[in-house]
Amino acid sequence: MKRILAYGDSNTWGFDPATFARYPAEIRWTGLLQKALEPDALILEVGLCGRTTVFDDATIPGANGLTALPGILAADSPIDRAIIMLGTNDCKSVFGASSAAITDGLEQCLLKVTEAVDPAHILLISPLYLSDAALAFGYDDRSLAVSRELKRTYKQLADKYGTAFLAASDVTQASDIDGQHLTREGHHALYEAVLKVIASML
């Protein structure tokens, strides 16, 4: 059985923007992936609301994705495949980060993951595009623009290291409620796209 790490933020955890609760496993893209790949794979869901690539958020303990990775990689060892989907929270106005800075943060996370997983067995996913509704949740107009640049810069990073790549913004969009989270339909659309890539890795 292949052990597949799904490392991300609230869109991996399964945050429902309508209820502020967690979508059940049968709705989450990770849960759908698990069901589709049984009994050949085990999906290790490691999502955290507010997680960034390398930025510390004083309001969210453990939000720094790079800092958390060593313990996660050790705890979930062995890991055969990995999916990394981070970057949305890095776009928050409080960080003032450019797409280049966010991509550099993702590269640091990727390099840490490659200590356990071959790059050819890693899938990088660029985030959803933020929409105007996100302006009420810690993002500004610059955030929205930066979120639209990450598809290009993440693809360049994937090409640099030879990982697989998927743009979440190509297959679905953020909820109209908060402009940053997946809807139920969005989880299903992302699952279908991820399944095609991961199935080819298996």
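Cut-offs applied
- Residue numbering note: each chain is counted from 1, following its sequence as written.
- The predicted origin of the model limits local features to residues at a pLDDT of at least 70 and limits the giving and counting of side-chain atom pairs to 80 or more, whereas totals for whole chains, interfaces and linings rest on all residues.
- Here the side-chain values reflect all heavy atoms present in the structure, with hydrogen atoms and water set aside.
- Strand pairing follows a simple DSSP-based rule, namely that at least 2 bridges must link the two strands.
- In this text, helices come from DSSP runs of H or I with a minimum length of four residues, and strands from runs of E with a minimum of two, each type numbered from the N-terminal end.
- The axes used here are C-alpha line fits, helices contributing only the stretch in contact, and every angle between their N-to-C directions lies in the interval 0 to 180 degrees.
- The contact criterion used is simple: two residues touch if any of their non-hydrogen atoms lie within 4.5 Å.
- Two rings from Phe, Tyr or Trp (for Trp, the six-membered ring) form a pair when their centres sit within 6.5 Å of each other. Planes less than 30 degrees apart are called stacked, planes more than 60 degrees apart edge-to-face, and all others tilted.
- Using a 1.4 Å probe on the protein chains alone, a residue whose accessible area is under 20% of its type maximum counts as buried, one over 50% counts as exposed, and one in between counts as partly exposed.
- Any carboxyl oxygen of Asp or Glu within 4 Å of a side-chain nitrogen of Lys or Arg constitutes a salt bridge here.

So, on to the sheet that holds strand β2 (residues 41-47). Pairing is parallel across the open sheet formed by five strands, whose spatial order is β2-β1-β3-β4-β5. One side of each edge strand has no neighbouring strand; the edge strands of this open sheet are β2 and β5 (164-167). Averaged over all adjacent pairs, the angle separating strand axes in this sheet is 15 degrees, with direction ignored. Both strand β1 (residues 2-8) and β2 contribute to a ladder of seven bridges, which runs parallel. Across the sheet, the residue bridging to I4 is I43, located in β2. Packing of helix α5 (residues 141-161) onto the sheet brings it into contact with β4 (122-126) and β5, and relative to β4 it is tilted by some 165 degrees.

Each aromatic ring pair is characterised by the separation of its centres together with the angle its planes make. The tally for this structure, following the rule as stated, stands at two aromatic pairs. With a centroid separation of 5.6 Å and 40 degrees between ring planes, the pair formed by F15 and F20 is classed as tilted. F20 gets classed as exposed once you look at its relative accessible area, which sits at 59%. Ring plane angle 20 degrees and centroid distance 5.0 Å describe the contact between F55 and F95, whose orientation is recorded as stacked.

This model, assessed by the stated rule, comprises five salt bridges. Residue K160 is joined to E107 by a salt bridge in which the shortest nitrogen-to-oxygen separation is 2.8 Å. Pair noted here: K160 is in helix α5 and E107 is in helix α4 (residues 99-113), with a separation of 53 residues, a long-range link. With relative accessibility at 57%, the residue K160 sits in the exposed group. Note on E107: relative accessible area 15%, which makes it buried. For E115, the salt bridge is made with K112, and the minimal N-O distance between the two is 3.3 Å. Under the relative-accessibility criterion, E115 is labelled exposed at 59%.

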